[in-house]
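A closer look at the structure
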Amino acid sequence: MSIQAYQNNSVETASPGELTLMLYNGCIKFIRIARKAMENNEIEKKNTNIQKSQKIIQELMITMDQQYTVTQEILPLYDYMNRRLVEANTKNDVGILDEVEGLVVEFRDTWKQVILESRKTQFGQGGNA
């Protein structure tokens, strides 16, 4: 099986929670690529990868379930990260990329815990499924 086929299969068989985790990881990856491109003065590569990060954050924003009150707390943070990415792009500011990456890592790590806890609840204390 090719890497592409494996990746496609991973996405097609992932739960919604795992897909969200993949989005966070993708966002972090693109921010890191953009940071390196910024340091190497690769303007087009920086711009492309910051835009990919923004698209992921925008996707996270539009797919949030509005019935949960926590959504009203998270949406402004996503909006803030999106605006900071625009600013990092226009100002070529590595520090802003680092700030946003830190926030995305926190969201990802929290989300990992949510998935683990829900698995424990769903499958009993083992949580290996």
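Keep in mind the model is a prediction, meaning the values are calculated, not measured.

Structural notes on the overall build of the chain
The secondary structure content of the chain amounts to five helices and zero strands. The order of α-helices and β-strands along the chain, N terminus first, is α-α-α-α-α. By the burial criterion, 33% of the 129 residues in the chain qualify as buried. Of the contacts formed within the chain by residues at least 6 apart in sequence, a portion of 59% connects residues at least 24 apart. A total of about 8,200 Å² of accessible surface is found on the chain, and carbon and sulfur atoms cover 53% of it.

What to know about the confidence of the model for the chain
Considering every residue of the chain, the mean pLDDT works out to 89; 86% of them sit at 70 or more. Model confidence for the chain, summarised as mean pLDDT per element, is weakest for helix α1 (residues 3–13) at 59 and strongest for helix α3 (residues 43–62) at 97.

Some remarks on α3
In this model, α3 (20 residues) spans 28 Å end to end at C-alpha, consistent with the 28 Å of a helix rising 1.5 Å per residue. Taken together, the buried positions of α3 are Lys46, Asn49, Ile50, Ser53, Gln54, Ile56, Ile57, Leu60 and Met61. One face of α3 carries all of its buried residues, which in axial projection span an arc of 155°. Facing away from the buried side of α3 by more than 90 degrees, the exposed set consists of Glu44, Lys55 and Ile62. Packing partners of the buried residues in α3 comprise α2 (16–39), α4 (70–91) and α5 (94–123).

Considering the packing of aromatic side chains
By convention here, two paired aromatic rings are described through the distance between centres and the angle between planes. Following the criterion strictly, the structure yields two aromatic pairs and no others. With centroids separated by 6.1 Å and ring planes inclined at 20°, the aromatic side chains of Tyr24 and Phe107 adopt a geometry described as stacked. With Tyr24 in helix α2 and Phe107 in helix α5, the pair connects residues that are 83 residues apart, well separated along the chain. An identical accessibility class is assigned to Tyr24 and Phe107; each is buried. With a centroid separation of 5.1 Å and 40° between ring planes, the pair formed by Tyr78 and Phe107 is classed as tilted.

Some points on unusual backbone geometry
One non-glycine residue, Asn41, lies in the positive phi region at around 60°. Of note, Asn41 is situated in the loop between α2 and α3. The backbone of Asn92 sits at a positive phi, close to 50°, despite the residue not being glycine. Its location among the elements puts Asn92 in the loop between α4 and α5.

Remarks on the side chain of Ser53
Inspection of the secondary structure assignment puts Ser53 in helix α3. Excluding anything up to four places from it in sequence, Ser53 contacts Cys27, Phe30, Ile31 and Leu85.

Parameters and conventions
- Throughout this document, residue positions are counted from 1 along each chain, in the order its sequence is written.
- This being a predicted model, a pLDDT of at least 70 is required before a residue's local features are given, and a value of 80 or more before pairs of side-chain atoms are given or counted; all residues contribute to the totals for chains, interfaces and linings.
- Computation of side-chain values: all heavy atoms of the structure, hydrogens and water removed.
- Going along the chain from the N terminus, every DSSP run of H or I of four or more residues is numbered as a helix, and every run of E of two or more is numbered as a strand.
- Classification of residues uses two cut-offs on accessible area relative to the type maximum, computed with a 1.4 Å probe and protein chains only: under 20% is buried, over 50% is exposed, and between them is partly exposed.
- Between two residues, a contact is recorded if the distance between any of their heavy atoms is within 4.5 Å.
- Every accessible area reported is derived by Shrake-Rupley at a probe size of 1.4 Å, with residue values counting cover from the shown protein chains alone.
- The pLDDT score gives, residue by residue, the confidence of the prediction method on a 0 to 100 scale.
- In this analysis, the expected span of each helix is defined as 1.5 Å times one less than the number of residues it contains.
- Within this analysis, the arc is defined by the directions that extend from the helix axis to the C-beta atoms.
- Side-chain rings of Phe, Tyr and Trp (the six-membered ring for Trp) are treated as a pair once their centres are within 6.5 Å; stacked means planes under 30 degrees apart, edge-to-face means over 60, and tilted covers the remaining angles.

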